[in-house]
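Residue strings, one per chain:
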Amino acid sequence: MTSGPHRRGALALLAGGAAAACTPRREGETVLRFWAMGNEGGTVGQLMPEFERRNPGVRVAVQPLPWTAAHEKLLTAYAGDSLPDVSQIGNTWVSELTAIGALSPTPPAAADLLTDQFEAVLETNEVAGRAMTTPWYVDTRLLFYRTDLLARAGFDAPPQDWGEWKRAMHGIKRVAGGENYAILLPLNEFEQLLTFGLQTEEPLLRDRNTRGNFSNPGFISALAFYRSLFAEGLAPLASAAQISNVWTEFARGYFSFYFSGPWSVGDFRSRLPASFQSSWATAGVPGPTGLGASAPGGSSLAVFQSSPHQEAAWALVRYLSEPAVQARFNTIVGDLPARKSAWDIAQVERDPMLEPFRGQLERAKAVPKVPEWERIVTEMQIVAERMVRGEYTPETAAAEIDRRADRLLEKRRWMMEQGRAV
């Protein structure tokens, strides 16, 4: 899954990136076209001089793109036979790009790139057990919380299971007072409920990912827990658009628990006053009986089948996957490296706000790898909001999500019946 803040894109840098991409080719030179999105698109060029020094006769033309346009642009380029040699992609796009035959699978000579990785992140890059892309940077969501209000509520450590978490939220609501709440769960976002749902032992899709499996007892329990947070007045009935400023509302105590990823660490530090910095921290996601799972996110590096420069393209992927290079990129843009050894080189875990992300990534659980997945979780979110507003019970909501998922997966079932891979 691509991470939220990277969708802001490096729009101001598009013109400069386009100019670089149009630099005339020198005789005998191989020019690799590399598309990169968001903050990475505006900064990865800083890593290219060393790659070009190591690979004489190869030049990398970086084309920055905004995340909002990237998916459509890749599909349009595929249809027009104009894909780049290499591209950064969201890891939830891997199955779709595999299904249309766009990706060049990881060759045996590059198999070592798949070591030293977070298992759940690596799984998001695989289709039918074969690596189709290479993790570049990683992220996941966990809890940002108010340490001061949690302490005033009588808790000296962040909660680790749902029961303790519910007690802590009720305590926080009491001490925060007024019209304040304990947690923000925007009704127009699916990520929070998906995180609760990932605590179940059951898969979210069944029958070779051709039907929904949301009516399993674990997911129904997750729906019930989610609904209870609104029913008990712990979460506001609000969408993200109704929250004027997340950081301001967090600082004034409107909510004290907030799901987000590593990109928010910098935001909280830059947007909140120095006097407030000791009043917040990050912690792992509570599960039903202990610390639980979350979805792995981040971006991957894709080499396309249409590239005439396969050897050079994989050399670029290898270079960007080197732990030392990933550690350097961490210092440039702040992304969490995909390679675990790069965390040690960059000393990421010396930052107390980033340290919990390592444990959360180790507990991450990959979501189903079907092209329809993002549409399925959107339908899940729509049904869940209607449940929170009283239209469904957790059981009937789960059945409705299954019905909608089954409809979206109808073509996949037909292709499976025809013996065709999806």
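For the structure itself, look to the data block above.
None of these values were measured; they are calculated from a predicted model.

**Student:** An account of the side chain of Ser260 is requested, with residue identities and associated values reported.
**Tutor:** As for its position among the elements, Ser260 is in strand 11 (residues 257–260). A distance of 2.6 Å separates the side chain of Ser260 from the side chain of Ser264, its partner in a polar contact. In contact with Ser260, other than residues within four places in its own chain, are Thr140, Arg141, Leu142, Phe144 and Phe357.

**Student:** Let's hear about the packing of aromatic side chains: which residues, and what values?
**Tutor:** A full pass over the atoms with the stated rule returns 28 aromatic pairs. Ring plane angle 70 degrees and centroid distance 5.7 Å describe the contact between Phe118 and Trp343, whose orientation is recorded as edge-to-face. In this pair, Phe118 sits in the loop between helix 5 (94–99) and helix 6 (119–124) while Trp343 sits in helix 15 (residues 340–346), placing the two residues 225 residues apart along the sequence. Residue Phe118 shares its accessibility class with Trp343, and that shared class is buried. Summarising the aromatic geometry, the rings of Tyr258 and Phe268 are spaced 6.3 Å apart at their centres and angled 20 degrees between planes, so their arrangement reads as stacked. One end of the pair, Tyr258, is in strand 11; the other, Phe268, is in helix 12 (residues 263–271), and 10 residues separate them in sequence. Three or more aromatic residues joined by ring pairs form one cluster here, namely Phe144, Tyr181, Phe250, Tyr254, Phe255, Tyr258, Phe268, Phe276 and Trp280.

**Student:** Provide a residue-level description of the environment of Ala235, including the pertinent values.
**Tutor:** Mapped onto the fold, Ala235 is located in the loop between helix 10 (217–231) and helix 11 (246–251). Accessibility expressed as a relative area gives 3% for Ala235, which makes it buried. Each residue touching Ala235, except ones within four places of it in the same chain, is listed here: Tyr181, Ile183, Leu185, Leu229 and Phe230.

**Student:** Requested: an account of the sheet that holds strand 11, with residues and values cited.
**Tutor:** The strand order across the open sheet built from 4 strands is 8-11-7-12, with neighbouring strands paired in mixed fashion. Two strands lie at the open edges of the sheet, namely strand 8 (183–184) and strand 12 (280–283), each paired on one side alone. In this structure, strand 8 lies alongside strand 11, joined through 2 bridges in parallel fashion. Of the residues in strand 11, the one forming a bridge with Ile183 is Phe257. Strands in contact with helix 8 (residues 162–176) are strand 7 (142–146), strand 8 and strand 11; relative to strand 11, the strand with the most contacts, it is inclined by about 125 degrees. Running over the sheet, helix 12 touches strand 7, strand 11 and strand 12 and is turned about 130 degrees from strand 11.

**Student:** Describe in detail the pattern of salt bridges, supporting the description with residues and values.
**Tutor:** Taken as a whole, this structure holds 22 salt bridges when the rule is applied. Note that Arg339 is salt-bridged to Asp116, the shortest N-O span being 3.6 Å. Taken together, the residues Arg339 in the loop between strand 14 (336–337) and helix 15 and Asp116 in the loop between helix 5 and helix 6 connect sequence positions 223 residues apart. By relative accessible area, Asp116 is classed as partly exposed at 28%.

**Student:** Give a detailed account of the environment of Tyr319, specifying residues and quantitative values.
**Tutor:** Tracing the sequence through the fold places Tyr319 in helix 13 (residues 310–321). Residue Tyr319 is classed as buried on the basis of its relative accessible area, which comes to 3%. With 271 residues separating them along the chain, Tyr319 and Met48 place their C-alpha atoms 9.5 Å apart. With near-sequence residues (within four places) excluded, Tyr319 lies in contact with Leu47, Glu50, Phe51, Arg54 and Val325. Polar contacts involving the side chain of Tyr319 include one to the main-chain carbonyl oxygen of Leu47, which spans 2.6 Å.

**Student:** If you had to explain empty space enclosed by the protein to someone new, which residues and values would you point to?
**Tutor:** For the structure shown, the criterion picks out 2 cavities of 30 Å³ or more. If you add up the space inside the largest cavity, you get close to 150 Å³. If you go around the largest cavity, you meet 16 residues; those closest to its centre are Asn91, Thr92, Val367, Pro368 and Lys369. When the residues that make up the lining of the largest cavity are grouped by side-chain class, the tally is 10 nonpolar, 4 polar and 2 charged. Here the second largest cavity is characterised by a volume of approximately 50 Å³. Together, Trp136, Tyr137, Gln326, Phe329, Asn330, Asp335, Leu336 and Pro337 line the second largest cavity. Only strand 6 (134–139), helix 14 (323–333) and strand 14 provide two or more residues apiece to the lining of the second largest cavity. It is helix 14 that provides the largest number of residues to the lining of the second largest cavity, a total of 3 residues.

Reading guide: rules and limits
Residues numbered from 1 in each chain as written. Predicted model: local features only at pLDDT ≥ 70, side-chain atom pairs only at ≥ 80, totals over all residues. Heavy atoms only, no water. Helix = DSSP H or I, 4+ residues; strand = E, 2+ residues; numbered from the N terminus. Polar contact = N/O pair within 3.5 Å; in protein donor to acceptor, adjacent residues only side chain to side chain. Contact = heavy atoms within 4.5 Å. Phe/Tyr/Trp six-rings, centres within 6.5 Å; stacked < 30°, edge-to-face > 60°. Buried < 20%, exposed > 50% of the residue type's maximum accessible area, 1.4 Å probe, protein only. Pairing = 2+ DSSP bridges. Axes fitted to C-alpha atoms, helices over the stretch in contact; angles between N-to-C directions. Salt bridge = Lys/Arg side-chain N within 4 Å of Asp/Glu carboxyl O. 1 Å grid on protein atoms, 1.4 Å probe; cavity = no way out; pocket = protein on both sides within 12 Å on 5 of 7 lines; lining within 4 Å. Points joined across faces, edges and corners; volume = space filled by probe spheres on them. Nonpolar A, V, L, I, M, F, W, Y, C, P; charged D, E, K, R; others polar.

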